[in-house]
Protein chains: 4
Amino acid sequence: MSKLWGGRFAKKTDSLVHQFNASIDFDARLYDEDITGSIAWARGLVGAGVLTAVEAETIITGLEQVRAEFAAGNFAFAPDDEDVHTAVERRMTEIIGPVGGKLHTGRSRNDQVATDFRLWVMRACDEMQTWLADLQQALIVSAEANLNLPMPGYTHLQHAQPITWGHWALSHFWPLARDGKRFEQVQEQAAILPLGAAALAGTAYPVDREFLAQELGFTAVSPNSLDAVSDRDFAADFLYAAAMTGLHLSRLSEQLILYSSAEFGFVRLDDGYSTGSSLMPQKKNPDTLELTRGKSGRLIGNLMGLLTTLKGLPSTYDKDLQEDKEPLFDAFDTLGLALPVMAGLIRTLQLRPERMAAQLEPSLLATDLADYLVKKGMPFRQAHGAVGQVVQLAEEKGVALTAVSLTELRSISELFGEDVTAVFQIKTALAQRTVKGGTAPAALKNQLLEAKQALRV
Amino acid sequence: MSKLWGGRFAKKTDSLVHQFNASIDFDARLYDEDITGSIAWARGLVGAGVLTAVEAETIITGLEQVRAEFAAGNFAFAPDDEDVHTAVERRMTEIIGPVGGKLHTGRSRNDQVATDFRLWVMRACDEMQTWLADLQQALIVSAEANLNLPMPGYTHLQHAQPITWGHWALSHFWPLARDGKRFEQVQEQAAILPLGAAALAGTAYPVDREFLAQELGFTAVSPNSLDAVSDRDFAADFLYAAAMTGLHLSRLSEQLILYSSAEFGFVRLDDGYSTGSSLMPQKKNPDTLELTRGKSGRLIGNLMGLLTTLKGLPSTYDKDLQEDKEPLFDAFDTLGLALPVMAGLIRTLQLRPERMAAQLEPSLLATDLADYLVKKGMPFRQAHGAVGQVVQLAEEKGVALTAVSLTELRSISELFGEDVTAVFQIKTALAQRTVKGGTAPAALKNQLLEAKQALRV
Amino acid sequence: MSKLWGGRFAKKTDSLVHQFNASIDFDARLYDEDITGSIAWARGLVGAGVLTAVEAETIITGLEQVRAEFAAGNFAFAPDDEDVHTAVERRMTEIIGPVGGKLHTGRSRNDQVATDFRLWVMRACDEMQTWLADLQQALIVSAEANLNLPMPGYTHLQHAQPITWGHWALSHFWPLARDGKRFEQVQEQAAILPLGAAALAGTAYPVDREFLAQELGFTAVSPNSLDAVSDRDFAADFLYAAAMTGLHLSRLSEQLILYSSAEFGFVRLDDGYSTGSSLMPQKKNPDTLELTRGKSGRLIGNLMGLLTTLKGLPSTYDKDLQEDKEPLFDAFDTLGLALPVMAGLIRTLQLRPERMAAQLEPSLLATDLADYLVKKGMPFRQAHGAVGQVVQLAEEKGVALTAVSLTELRSISELFGEDVTAVFQIKTALAQRTVKGGTAPAALKNQLLEAKQALRV
Amino acid sequence: MSKLWGGRFAKKTDSLVHQFNASIDFDARLYDEDITGSIAWARGLVGAGVLTAVEAETIITGLEQVRAEFAAGNFAFAPDDEDVHTAVERRMTEIIGPVGGKLHTGRSRNDQVATDFRLWVMRACDEMQTWLADLQQALIVSAEANLNLPMPGYTHLQHAQPITWGHWALSHFWPLARDGKRFEQVQEQAAILPLGAAALAGTAYPVDREFLAQELGFTAVSPNSLDAVSDRDFAADFLYAAAMTGLHLSRLSEQLILYSSAEFGFVRLDDGYSTGSSLMPQKKNPDTLELTRGKSGRLIGNLMGLLTTLKGLPSTYDKDLQEDKEPLFDAFDTLGLALPVMAGLIRTLQLRPERMAAQLEPSLLATDLADYLVKKGMPFRQAHGAVGQVVQLAEEKGVALTAVSLTELRSISELFGEDVTAVFQIKTALAQRTVKGGTAPAALKNQLLEAKQALRV
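Just so we're clear, the structure is a prediction, and the values are computed from it rather than from any experiment.

A. Structural detail: the relation of the copies chain D and chain C. Under the fitted operation, chain D is carried onto chain C by 0.0 Å of movement along the axis and a turn of 180 degrees, and the coordinates agree to an RMSD of 0.1 Å. Such a combination of turn and shift is consistent with a two-fold rotation axis. When the interface residues of chain D are mapped onto chain C, 99% of them again lie at the interface, so the same face is used by both copies.

B. Expanded view of the confidence of the model for chain A. Residues with a pLDDT of 70 or more make up 98% of chain A, whose mean pLDDT is 95. The ipTM assigned to the predicted complex is 0.96, against a pTM of 0.97.

C. Summary view of the packing of aromatic side chains. Under the defined criterion, the tally for this structure stands at 80 aromatic pairs over all chains. Ring geometry for Tyr372 of chain B against Phe416 of chain B: centres 5.9 Å apart, planes inclined by 10 degrees, an arrangement best described as stacked. With a gap of 44 residues between them, Tyr372 of chain B in helix α15 (residues 366-375) and Phe416 of chain B in the loop between α17 (406-412) and α18 (426-432) connect regions that are remote in the sequence. Judged by its relative accessible area of 0%, Phe416 of chain B is buried. Considering the side-chain rings of Phe117 of chain C and Phe234 of chain C, the 5.6 Å spacing of their centres and the 65 degrees angle between planes classify their relative orientation as edge-to-face. Of this pair, Phe117 of chain C sits in helix α6 (residues 109-145) while Phe234 of chain C sits in helix α11 (residues 233-259); the two residues are 117 residues apart in sequence, bridging distant segments of the chain.

D. Structural context of the interface of chain D and chain C. In this complex, chain D contributes 108 residues to the contact, which on the side of chain C involves 107 residues. Roughly 8700 Å² of surface becomes buried between chain D and chain C when both sides are summed, with 56% attributable to carbon and sulfur atoms. Scanning the region where chain D abuts chain C turns up 12 salt bridges. Its salt-bridge partner being Arg178 of chain D, residue Asp227 of chain C comes within 2.9 Å of it at the nearest N-O pair. Counting across the interface, chain D meets chain C through 54 residue pairs in polar contact (both at pLDDT 80 or more). For the side of chain D that touches chain C, the leading source of residues is helix α11 (residues 233-259) of chain D, giving 11 residues.

E. Structural context of the pattern of salt bridges. Counted under the stated rule, the structure contains 156 salt bridges over all chains. Residue Glu64 of chain A is joined to Arg67 of chain A by a salt bridge in which the shortest nitrogen-to-oxygen separation is 3.0 Å. One end of the pair, Glu64 of chain A, and the other, Arg67 of chain A, are both in helix α4 (residues 53-71), three residues apart, so they sit about a helical turn from each other. Exposure remark for Glu64 of chain A: the relative accessible area of 36% places this residue in the partly exposed category. For Arg178 of chain A, the salt bridge identified is with Asp231 of chain B, shortest N-O distance 3.2 Å. Here the residue Arg178 of chain A occupies a position in helix α8 (residues 173-190), and Asp231 of chain B occupies one in the loop between α10 (225-230) and α11 (233-259), the pair thus bridging two chains. By sharing partners, the salt bridges in this structure join Arg118, Asp227, Asp231, Asp233 and Asp237 of chain A together with Arg178, Asp179 and Arg182 of chain B into a single network.

F. Geometry of the relation of the copies chain A and chain D. Structural alignment of chain A on chain D gives an RMSD of 0.0 Å, achieved by rotating through 180 degrees and translating 0.0 Å along the axis. An overlap of 100% is found between the interface residues of chain A and their copies at the interface of chain D, pointing to a shared contact surface.

Calculation rules
- Residues numbered from 1 in each chain as written.
- Chains lettered and ligands numbered in written order.
- Predicted model: local features only at pLDDT ≥ 70, side-chain atom pairs only at ≥ 80, totals over all residues.
- Heavy atoms only, no water.
- Least-squares fit on C-alpha atoms with pLDDT ≥ 70 in both.
- Contact = heavy atoms within 4.5 Å.
- pLDDT = per-residue confidence, 0-100.
- Phe/Tyr/Trp six-rings, centres within 6.5 Å; stacked < 30°, edge-to-face > 60°.
- Helix = DSSP H or I, 4+ residues; strand = E, 2+ residues; numbered from the N terminus.
- Buried < 20%, exposed > 50% of the residue type's maximum accessible area, 1.4 Å probe, protein only.
- Buried area = accessible area lost by both parts, 1.4 Å probe.
- Salt bridge = Lys/Arg side-chain N within 4 Å of Asp/Glu carboxyl O.
- Polar contact = N/O pair within 3.5 Å; in protein donor to acceptor, adjacent residues only side chain to side chain.

Below, the structure written as structure tokens:
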């Protein structure tokens, strides 16, 4: 039975229940935010005439000592510390005496925990931005170094049209930019101060909430106290942004796993980013990529868990909400490894241009062949059909598209002429796609510039 | 076997496969966006020198006729129409002849479908805003009409502190404001034009993509063509925003279901918003609220489905992405009923102040009793304990908190005095919570104003 | 306002509410089960002395006529038909007159809908078994035809050890066998009769529930009437079994997509199971496989949706439960296409042994090389290390494992002898794995037999 | 770089990568299963002629010492111990010397980890059965003690018909029985031995897999080695069974939360199972129930995470599968607290019959009133309508159903007679529901017996 709320209780909490209810195992991680929040609250209480300046200073000194103990790793938990808020207040009061009991005036754990958690999310978003930018930087470097290195482009995992490594690497830059944008929006949403909502109805003391917001780096004050203690949108938003980041990493991983297979062989992972087999001595496995892909499941699971927990809850605080923290901590830790590891993997990745070149076969240029006919005046839909027949002919004969003779071509369409051979150049095909976002050298140069600028912001 | 791509195929598609692959059953819904997009593309092709102005006009006339047929409900689908894009082009070409075959020059279904779908999402977000605002309006009206009507406030579904109906109704206004914000962000994200990316590498024709964006109401042009045909973030974002809206509705529903139970009895649903039982003649069931709560599962399921589908896909287009549309259509239709129905339910809801009053019992004021001691100088933590003892005493005697005698109170703390009776006034308790977001009349008046302003924007 | 329950209502249901509440759009699909269930109930009411035999026969005749109308596709829905149960009773009463009003005696829609839905699930499980068995059959045929055709085996998508096509094809047989087992268990769970539970408390008429169960093919009678109207475990079980089937199909699809890529080239999809591109004339895309993989998301989403809907509901019937049917219908329809399509695809799949052979390079035998050392007395852990050095040496020299000279081998371990060349035979490697489940010919023959037997059951 | 597989690697693993890949933090939990499995494997290797009996005994002695170190909590992990399998083998070899290097002959971590994990699941299912049975026992005791205590029954959370506490308590017994059945099926599915599959193709040594199965308590041997290392169905099955158990607990929790509210007041939680508020001294919150309800989200999230991880993976082993363990451990730990806590809560729950009685108002008997008319010959559908009118009349007059005069009743239907008053007896209404599963005393007695028998099995 907690000293925090035990006055009216005749009987101790069952010990299994205590263990079930306790959150200290995971919310100890919030000690810093809790203490920062409490210091602001103490100052707020001075403004409200509840504490004298001296009392507040005593409390703040006590809190800072508790912070130091946590930071040094020698904070001693007591068996009754059901959560970090209880633990901090208990220890602070041990240090400074009964005046510590004044800190919780006009505050509830409901608004306190919401404040701490929002502070944590605001900081976590900053970390995310750093990790994302680091991986984006690695992709830019890789793109720049091989901006015009030709490789086959795929749709449906089938050879489609030639692209370049730079084009491909940047195609994984932009999804991360969207992730960054999402975490920005999460941070904005998190930066609404709940402190002062008390249990649900608003504190009964004239604390200046705008002052509290400023002290703590919040940009606004929650407009409704019932909603303030109830709202976990910011937590769901964070998990959604993390799940999307995970998805983007899983898509990048999938491709690099393919590209590092014996059959593709476009890239070779650095030894530092591969692992071996306990049985098969030759194996060099893309474990980090597979784990990254696998962990997208975990990130989605975390989101789904919280959404289900929130479903159907009445407004204000219900204890179900205690389930909000662990999935965020897990998502943060997961991406806190996956993103830097991916950045390192990209930085040390060896490309194998000769293996890419080996796959640059003529059928990748079939669209260009149709465009050739279009330029000679044939409507595209008809040109597509004609080239389809050429492809089928080549396939029946078991030869490459380039080995179909002009006579044969002309039997399909009279528009084919001697100049058709000019079509079968990878370089020419690449150079055609000059539109913004396209695979032509100039377009890629611009895109690279745009990416660098996006990152600088 | 489709005329669209069949040139190279020796054999017809298996009929079950045709049925499996076809998306016409659901994507016919995109006919308007598809035609709008194609008209812009035709104009773009004029700029690129692919079409003459006359050819473009012919094509546009044909497309407008197809649009009219769809709008009038007499568009005749052909068995080979595998999707709306095929159907529109097929019919347009029937109408205007072979020149129609020029429309698809330099375009792929990959960028075409992404464009159509983004246009649809941009419009859908507008509808969402309207529906959300309508429900918010209904909540404002309800709040204003009963701004200071006292009712018990709950945490953990236990009596906590007195609040008012206005306070409660507004607590469901703000989550919807966050939903509106989210749909705004979805719309921004959707408004990036993919058209011109062609299959994956960028179109080979010098089409002015900025011009296309302007024509179609997009605010920017996608920076990378591989990403352009691959990116479904906007679809996931939409489903996430819808899932959150669903959660907020489920929480509102849960409370109104409780409030309309015989035991609470705080509200009575209008007959138009209730249904009966096939067996029990007396029943008046909150079916609409239950369905709304139930449908939050469906909305979360839609999100989960798409996230899983996206997981592990390589970049550019894979056919898996065809699974993107149905969940969005379903989410849109679900909220397109749930939001207006909830607005109507709120507008016709009858409040029962006498039933609320019956639950306003003295223990709701225990915090105020502790505050009384605090004001007399006792540290809050100690005051909380003292009042806990008072509560336990009252419970043991089986009486209300107000029935504990002053002598008994003083046996617990000497700070209790004659003036303690003043604490036991609901009105006084309400009036204390004057901070922003609190339950005092002035604070609520301000909050109402803030809500009205938020809605106007 | 429904005639079914409208007696006590003063006002008509709002029309949007009617649309929101109505389930007739999707539950019309249950007409056959509803009529079958009602016929049994009519007979039960005779036993209970509620209906005379003549009345029951009149009712049954009416119901059979309704069934015929539905089957012929000319059942005329009325605007007030909110669900299939209402529609059937309404029409039956139109046909036979007021005596039809006796059918619903002692029954509620709560137990009626649970009965109908369980009947549907019981039938759906039978269909699933047929579809699963058909695909399993296709895999058996493919395995048998190429039981010992060597191909590279992969772990981590890296070359691991040689296996055979038969071994691989059967590796996709057994997961489907587990799916079949799961649907069997679903069917068992569904076959518990809820009819007689009435709204929640049990019917007040002495209907023989065991008789009803027998009439309808249920194997047992629900033990608790509150649970009977509330229990949707069987629906969740069905969705879970469907999601697992979808996962197994997605894993099979993923591999066949890889195997049909230009880089692997192990298989060629039949034209009837491929589709083309609207832009790129050469494309032959594995759309059906990609869609199958993509739809695993939808199936998981359906499960997620229902689980979330069920979460936190009190026992007995809540209208939220109306959300139970659509996901099951969707899962059933999805697999009802995906399974037969996959079976057809497997049956028409062309193997390309020469492309498989091209990938059977010596490093696949590194484990066998380690085993060679083990047989000469070296502990495995040490042998693994030694062969690792051989692999590294070969890689540094840029040669195949077989091109490392005996001298070089002996510099790593003196245990290498002339006989080492015998190791480098794919056939020998395959023949070594004779344990049950292994890739040796005899083991595969047994496995094939076991698969055939499993299917026959 | 691991000693386990490092032979071919030129470079050490990046330290962040090591941390990312390592599973030792969570799979150390499998030490007991790993050692048990290794002992069986050592014996199998004797049978296969790979180890001498003496070598095997040495290895087993070493393994048992490692087990003792783990059990005593003084196992010393080394920095390179990437997983429990590596750690056990490393330490065992330190203890017994180079002969330890022979243990891994013919085995891979792929089949080893699958074996260990299946063993763990088999044991975990046993624990689940114990916990489930304990809660079921608590429900039986509660049901038996108050078998015929009347209380209102609800559908749609509205008063429906009278039931009894015993009836209600048992309605939560049967879902748990289904959970038990599910865990039984999970256990069956888990008890298929993968050991001997080696990396993927089957071990090259003639180990007797049937012998291994017997040694380890498996009931069968996996039929296909590729599937054996790939199959995680049993893990998904476990998570699904856990999610369903969580759902059942969430539904029970929801009701008890309602019943313990001030408005319902049907039950009072024991102090040992409640907690208080840090701000409001009077609060006694059903935290344990809310947490249990909230944790159903986490259990569903765990399932969804794994399903997504498995989606689209090729067959055999991919490192993504390492993500299989943490969600199961979490689900197991969650239910390992939630189930016993719920059992304790039920055992100490105080019922408040007077509060239940206060809600037993006449409208709960409206169905009985309709049945009264049916017995007088009116078709049910008509009787339902007539009673609906009675209800409306009573409501308009603002009186109870019982206060409608006979004259008024007869104005609605002439079939109403003096004997109608007999209908308005809760006891009579209860006694009518004599069918199996119904709420009549005899039916409940039988049901209780059936529940006891179900538990004994």
